[in-house]
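Coordinates in review
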Amino acid sequence: MKPVTIGLLGLGTVGQGVANILTRNAAEIERRTGRSIRLTRAAVRNKAKAEALNLGIDITTDAQSLVSDPDIDIVCEAMGGDDPALSLLHSAIANGKHVITANKALIAVHGNELFRAASEKGVTIAFESAVAGGIPIIKALREGLTANRIEWLVGIINGTGNFILSEMAEKGRTFDDVLAEAQELGYAEADPTFDVEGIDAAHKLAIMASVAFGMPLQFDAVYTEGISQITREDVEFAEELGYRIKHLGVARRRKEGVELRVHPTLIPERRLLANVNGVMNAIVVHGDAVGPTLYYGAGAGSEPTGSAMVADIIDAVRCLDADPAHRVPTLAFQPDALTPHVMLDTANYQSAYYLRLHALDQPGVLATVTDIFGKLGISIEAILQKEPEMVGELSDDSIEVPNVPIILLTRRVREGLIETAIERIEALSTITQPVTRIRVESL
Ligand code: NDP
Ligand code: HSE
């Protein structure tokens, strides 16, 4: 049988992983598909750099010629960005190519239109490599858990961010130093603020939530908070309370609506997710029938991501001759059964909270603070008062009044109430700094 031909858009970290796997595992893959798969062309910007890889394939700087090449069956996009990736994928689809992409930003923002175009043309569009690197989470959500009503999923879904938090906590390294290493290792996005500000995780969360809950992609509905404000102090206080700080994506379906949020989170240290370190990712998915299930693996890097992309290639090859109506639906649900869900605003999110206050070390301060919580009906789970710091103000008789850090853990509460409590606390004359707020999930 004629080999299936692959054209790669991009031959960087991910593209090279795909090329290496397709070459090294060619025989094993052919045993699985019954057909040989050949990478024949790649499009890049710097031709000399790509040719130096000696892959024995045609290298072009004319990406448009690749997506319209009649000899290419499947186009794999690993170049990133919006432009020209989006128009190239539209052209590939219009030319009847099956399309596979690792570009989560593109899928999260433009997925609905790309899926429609692919469906009209009867071609496959697949994006396993776009979410959580090598972990087959899209396959799990779309197929393995297909019997379930999925209630929630929570995950560490950015390898760079987790690498930074782990190295800071375990080795006391600085944020900038670890980020530079993540960039060198090929984990970070072209614009690393996507990693540290949670935008990359938000892209992935939007994709997973659509597949899990059966709704069109809604990237704009994801609340996003990054890790750049996390201090060593908070990492240490969290540890004293028996928690670790992780950057989580949370998608939860409640009867009032859906919460989609990405933010630093305290997790009890005994939970498996709290022990996922370095570039590893992990996602807990809760289905009504199966209960909680956990998926773990490398969240970024050349061959882990290549593994997911090649898996999509193999799936596409297996279905080449299938009636498009008999393929697994792109977002797991039949396209006409996707329903927009009510998205909750942040005031209606529910979570427990870690609050760090800095107060003047004076009698009655703690009582005033706890009174604010009491009046709002917020229950306090734990209070930790640290050693006073000598950075306070002078009292009337010119004696320095030390500051004291106070850590409070609340029970689960509506976010709007916590915002009110913080406003009232910050208005107290005895509170000397803005309150630090980090959400807590007991999972
Ligand atoms: P790299 O920067 O390592 O590689 C990008 C490749 O695309 C390079 O070969 C580059 O060519 C080529 N390229 C970029 N723009 C163009 C263009 N306009 N025309 C032609 N070629 C172009 O990126 P990654 O491999 O890290 O990432 C690629 C995609 O995969 C991104 O969407 C990313 O989000 C996603 N991803 C990355 C993961 C990772 O671990 N790195 C994991 C999961 C997904 P040249 O070198 O010549 O400039
Ligand atoms: N920059 C991403 C990360 C790549 O660090 O997770 C994998 O999607």
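Residues numbered from 1 in each chain as written. Chains lettered and ligands numbered in written order. Predicted model: local features only at pLDDT ≥ 70, side-chain atom pairs only at ≥ 80, totals over all residues. Heavy atoms only, no water.

Selection criterion: UniProt positions are given in the numbering used here, feature names are shortened, and annotations may be inferred rather than shown by experiment.
The name an unreviewed UniProt entry gives the protein chain is Homoserine dehydrogenase, with Granulosicoccus antarcticus IMCC3135 as the organism. Per its UniProt entry, the protein chain bears the Catalytic activity (unreviewed entry) comment "L-homoserine + NAD(+) = L-aspartate 4-semialdehyde + NADH + H(+)". Its UniProt record gives the protein chain the following Sequence similarities (unreviewed entry) comment, quoted word for word: "Belongs to the homoserine dehydrogenase family."

1. Details of the UniProt feature "binding site: NADPH" (unreviewed entry) in the protein chain
Quick reminder of the rule: Counting from the N terminus, the helices are the DSSP runs of H or I reaching at least four residues and the strands are the DSSP runs of E reaching at least two. Between two residues, a contact is recorded if the distance between any of their heavy atoms is within 4.5 Å.
Residues annotated by UniProt as "binding site: NADPH" (unreviewed entry) correspond here to Lys-104. When you line up the elements, Lys-104 lands in helix α6 (residues 104-121). In this structure Lys-104 touches Ala-130, Glu-189, Asp-200, His-203, Lys-204 and Ile-207, once residues within four positions along its chain are discounted.

2. Here we look at the UniProt feature "active site" (unreviewed entry) in the protein chain
Note the following rule: Here the term buried applies to any residue with accessible area under 20% of the maximum for its type, exposed to any over 50%, and partly exposed to those in between, with areas from a 1.4 Å probe on protein chains only. Polar contacts, as used here, are pairs of N or O atoms within 3.5 Å; protein pairs need one atom able to donate a hydrogen and one able to accept it. Residues neighboring in sequence count only if both atoms are side-chain atoms.
The UniProt entry lists Lys-204 under the feature "active site" (unreviewed entry), expressed in the numbering used here. With respect to the helices and strands, Lys-204 occurs in helix α11 (residues 199-213). Given the relative accessible area of 3%, Lys-204 is considered buried. If sequence neighbours within four positions are ignored, Lys-204 has contacts with Lys-104, Ala-130, Val-131, Ala-132, Ile-157 and Asn-158. Within the structure, Lys-204 has its side chain in polar contact with the backbone oxygen of Ile-157 (distance 2.8 Å).

3. Let's talk about helix α5 (residues 85-94)
The element α5 is largely enclosed, with a buried count of seven among its ten residues. Regarding α5, the residues found buried are Ala-85, Leu-86, Leu-88, Leu-89, Ser-91, Ala-92 and Ile-93. In the segment just after α5, Gly-96 is the residue with positive phi, at about 80°.

4. A word on unusual backbone geometry
Residue Asp-83 is joined to Pro-84 through a cis peptide bond whose omega torsion reads 15°. Residue position: Pro-84 is located in the loop between β4 (74-77) and α5. Positive phi values are uncommon outside glycine, yet Ala-132 reaches one of about 60°. With respect to the helices and strands, the residue Ala-132 is situated in the loop between β6 (125-126) and α7 (137-144). Residues other than glycine seldom take positive phi values, yet Ala-332 does so here, at roughly 80°. Along the chain, Ala-332 turns up in the loop between α13 (302-318) and β13 (350-360). Judged by its relative accessible area of 17%, Ala-332 is buried.

5. Some details on the side chain of Thr-124
Structurally, the position occupied by Thr-124 is in the loop between α6 and β6. Once residues within four sequence positions are removed from consideration, Thr-124 is found in contact with His-98, Val-99 and Arg-327.

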